[in-house]
Amino acid sequence: MSLVQDAVQTLMKRGIALAPDSWMPGGEPDPLIHAKHGHIGKPVSRIDGPLKVSGQAKFAAEYPMQGLTYAAIHFSTIARGRIAEIITTEAEAAPGVVLVMTHLNAPRLHHAPAFGTDAKAASGDDLAVMQDDRIHWNGQPVAVVLAETQEQADYAESLIRIRYEAEPGFTSLEEARAKGAEPGQFQGEPLKLEIKNAEKLFAAAPVKTDAVYRTPGHNHNPIELHAATLVWNGDELRIHDATQAVAHAAWTLAKVFGIDEKQVQVTSPFVGGGFGSKTLWRHQILAAAAAKVAKRPVRVVLSREGVFRTVGGRAITEQRVAIGAQQDGEFDAIIHTGLTAMTPHNTMTEPFIVATRSLYAAKSFKLEVETVKLNMVANTFMRAPGEAVGTFALESAIDELAAELGIDPIALRLRNEPKEDPTMGLPFSQRGIVEAWRTGAAKFGWDERSTTPRTCQDGEWLVGLGCATATYPYYRMPGGAARMTVHSDGRATVSVAAHEMGMGTATAHTQVAADRLGLSLDQVDFRYGDTTLPGVVLAGGSQQTAAVGASVAAAHRALLTELLKLAGNDSPLAGLRPNEIGGMDGALCALADPDRRESYSSILSRAQRDEVTVEAEAPMPMEIQHWSMHSHGAMFCEARVNTVTGEIRISRFLGSFDCGRIINPKTAASQFRGGIVMGLGLALMEEAQFDERSGRIMNPSLAEYHVPVHMDVPEIEVIWTDEPDPHTPMGARGIGEIGITGVGAAVANAIFNATGKRVRDLPITLDKVL
C-alpha cells in the first residue's frame, strides 16, 4: 500500500470514528432487538436435522452424474526443486484409467488469485496449478488420475514414478529466522502497534513477568473430507463443492479458466465442517482441468492424507509476552511480540496480537508480529486465527503475573478492565465481560480454588483450577445481499448465497426472517448455498450471522416499501411510511396501532399479483470502524494430573459468554461447546509434526494427529449474558470462533494450579508435567 493510500485510509477511518452514531449502520437499534415474543431466542431444532439423520442431505461427493469419473492425486516428496522425469505409462495402462494428467498435458490455466488479494479471491495460494515442473512444497499435487472407479484411480496413482531434482529451500524455522524476518500484515493492516515506550515502562515496573510461549502448526481435520463433483457443459462449469465461500470460489475458478464468473455455478447446501479450510484449493482446480481434458464429469475427494498435504492449517508461532505492573496490579506495559511462519506464495499471517489490542487497559503497548517464509503448504485461516493461539500466550502471562502479585487472576483482569478500546480509543458497542466473569465464577465455584499450587489432591491425582479470557471481534464483510419474496398464500422465500456447515445458519435465519415478516417458521423457506442467489457472503470470521442479518434487514425494508405501494390508498395502511409498519401474524400492521393491518394475501390479491420480490444490498460495514466491537468469554477449567504417569484429564469446563443476543440457544450452545472441544485439542494434543529436514508433515492421519475424542472431553457447561449489542443486526454477534479462544490458557493455568509447573509450549503432553 502506497503512502498516499495509507494517508487516505487513515483519514477515512478517522472520519468514520468521529461521525455521528446516526450515520452508521446500527446507529438506530434493530427493532428485533427488543422483540419479546417471537422466534428469536427460542431453542429451535435445526431444520436440516431430519434431512441429515435420514440420509437425504446430499454432500459434495454424493451427487450422481452420468459418465462420472473418479480422481486420485499424486503428491510430491520434496520441498523445493523440479520434476526431472515423470513416468506414467503403467498408470495409463492400468484398468479403468481415463486420463493421467501432469504438467505435460494439463490445459493452460491462469494463476489463482490468493485469498485476500481481491474481495472475491478464494485460493489458498497464488501459484499456477500444474503449469510447469516446479515444486514449491513437500506434498504439492504433481499428477491426477481419472478412472471409472475410485479404487482404479487410487491403484493407478500408485504406479506413477517421478524423479526429482531437489534444490535448497527453507524448511527450518531457525534457518528462515537467520535469513531475516519481515513485518506481518493481516487483512491489509500492519501487525505492529506502539503506544508510548513500553520497553522503558516495563523495565521500571515494580512487578513483571516476561516469557516466551510456543505453539505448533495445526492441521485442519473437518469430518467431511474436502470434495467436489463437477462437469463442464460447453464453456460453463457446474460444481457441487464442499465450500464455505460459494461466490468466492466461482469468481476464482472463473479467473483460473479465463471465463466470466456467471459461467461458473457453485452449489454447497451441506458442508461437514470447514473451520476456515473449505475455500478453494488445488483439488477443485485440478478436477475441473481434468474434466475439461477428459470431457467427462469428475468427482474428487481428498484422502485424509491429501488434506494434510494440500490444505493449509494454522502456522507455528513463537510469542514473547511481557507485562509490567504496579503492586496493586495496574498494568504499566503490555509487550506482545513474536514470530510466525508462512509461505512465499500466500498472504496469511497468523495474527496472534489481535486480542491483545483490546482486552486490557495499560499505560503503554508494544505489539508486533514478524514472519519468516518456509517451503510448506500454504497456511490459512483456522478457527479464530490469531486469537486461538494469541490468547494462550497473553492469558498465561496474566496468570503468571497474578501469581507474582499474589492477586486472584480474575481480580487482576477486572482491575485492568478498559473504559474504551485501549489502543484505538473507540467506545465499546457493548461489553459485558465483567458480568460474564462474575456469573461464571459463581457457577463454577471459583472461590473454592486453592491459591497455593499443588495443594489439592484426590488420590494419585493433583487437581487444579484455571481461568482465562476468551475474545473474538465482531466482523461484517462487504458484499451482503438478499432476495425476499412474499407469495399470495402468505408464505415467504428468503434467498442468500450463504452457507450451512453444521452451525445452524438456515435455522437461525429462518427464525430471524419469520420475526421480521410476522410469520410462523413453517411459512418461511430459507434458500442458501448457491451462486445463483444474491450476495458475496463468506462463512468465516464469525461474520455470516451479521452479513446475512444485515442483508435480510435491507431486503425487508425494500419489501415494506413495495408492499405499501401495492396496498395503495384503499388499504388500512394508507398514509404510513415503511418505518411505521411491521409484520405480525401474516400481515402488515401499524407499529403504533396493531389493529390497523392488512394481510400479505389480501394486499397481493387486490393487486392481482401471485408474489412480490425484492432484492437489496446490506450497507457497508462502517460500524466496525466507529465502535470497538468484540465478544468475550470467561473460561474456567478443572484439570487433574496423575502423579504417577503424568496423564492429564480435564474433569470440568465452563464457558461464560458475552456475545450479544443469542438467536437460538440450542444451536449456540452447540457452537460454544464445539469451540471449547477444539480448544482442548489445541491445549493437549494437536500438533503437526513437521520434519524440518524434508519439509514433510509426518503425521498425516487421525491415527497420528490426535484430536479430542469422547473420553477426553468432560461435560461442558455454557452460559451467557444475552445482552444485545445495540449496534449490530438483531443485537447479535458471531459465536462460531470465540469458544476456542482462551481455552489453551485456561487449561495451562489449571495445570499450574494443580502441579506448580508452568508449561509454555503447546501441546501440554505428559512428558512436560512429569
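In case you missed it, the structure is sitting above this.
Residues numbered from 1 in each chain as written. Predicted model: local features only at pLDDT ≥ 70, side-chain atom pairs only at ≥ 80, totals over all residues. Heavy atoms only, no water.

Caption draft 1: Quick peek at unusual backbone geometry. A cis amide bond, omega -5°, links Leu762 with the succeeding residue Pro763. Here Pro763 shows up in the segment after α18 (743–755). For Gln187, which is not glycine, the phi torsion reads 55° and is therefore positive. Relative to the helices and strands, Gln187 resides in the loop between β8 (185–186) and β9 (189–190). (Helix = DSSP H or I, 4+ residues; strand = E, 2+ residues; numbered from the N terminus.)

Caption draft 2: The arrangement of the sheet that holds strand β14 (residues 264–267) in detail. Strands sit in the order β3-β5-β1-β15-β12-β13-β14 across an open sheet of seven strands; the sheet is mixed. Lying at the two open borders of the sheet, with one neighbouring strand each, are β3 (97–101) and β14. Neighbouring strand axes in the sheet, compared pairwise and without regard to direction, differ in orientation by 20° on average. Pairing analysis gives four bridges linking β3 to strand β5 (residues 141–147), with the strands arranged antiparallel. Considered in β5, the bridge of Val100 is made with Val145. Strand contacts of helix α4 (residues 150–157): β1 (69–75), β3 and β5, with the helix running at about 25° to β1, the strand carrying the most contacts. (Pairing = 2+ DSSP bridges. Axes fitted to C-alpha atoms, helices over the stretch in contact; angles between N-to-C directions. Contact = heavy atoms within 4.5 Å.)

Caption draft 3: Summary view of helix α12 (residues 433–444). Taking 1.5 Å as the rise per residue, α12 with 12 residues should run 16 Å; its terminal C-alpha atoms sit 16 Å apart, in good agreement. Those residues of α12 that sit buried are Ile433, Ala436, Trp437, Gly440, Ala441 and Phe444. The arc enclosing the buried residues of α12, seen along the axis, measures out at 120°, which places them on a common side. In α12, those exposed residues whose orientation departs by more than 90 degrees from the buried face are Arg438 and Ala442. For α12, the secondary structure elements touched by its buried residues are α11 (409–415), β20 (461–473), β28 (630–642), β29 (648–658) and β32 (716–720). (Expected span 1.5 Å × (residues − 1). Buried < 20%, exposed > 50% of the residue type's maximum accessible area, 1.4 Å probe, protein only. Arc of directions from axis to C-beta.)

Caption draft 4: Structural detail: the pairing of strand β23 (residues 524–527). Residues of β23 alternate between two faces, with Val524 and Phe526 buried on one and Asp525 and Arg527 left unburied on the opposite face. In this sheet, β23 lies alongside strand β22 (residues 492–495) in parallel orientation, the contact comprising four bridges. Residue pairing in the sheet places Ser495 in a bridge with Arg527 of β23. Viewed along the sheet, the connection from β22 through helix α13 (residues 505–517) into β23 turns out right-handed. (Right-handed = clockwise from strand over helix to strand, strands pointing away.)

Structural measurements only, silent on function.
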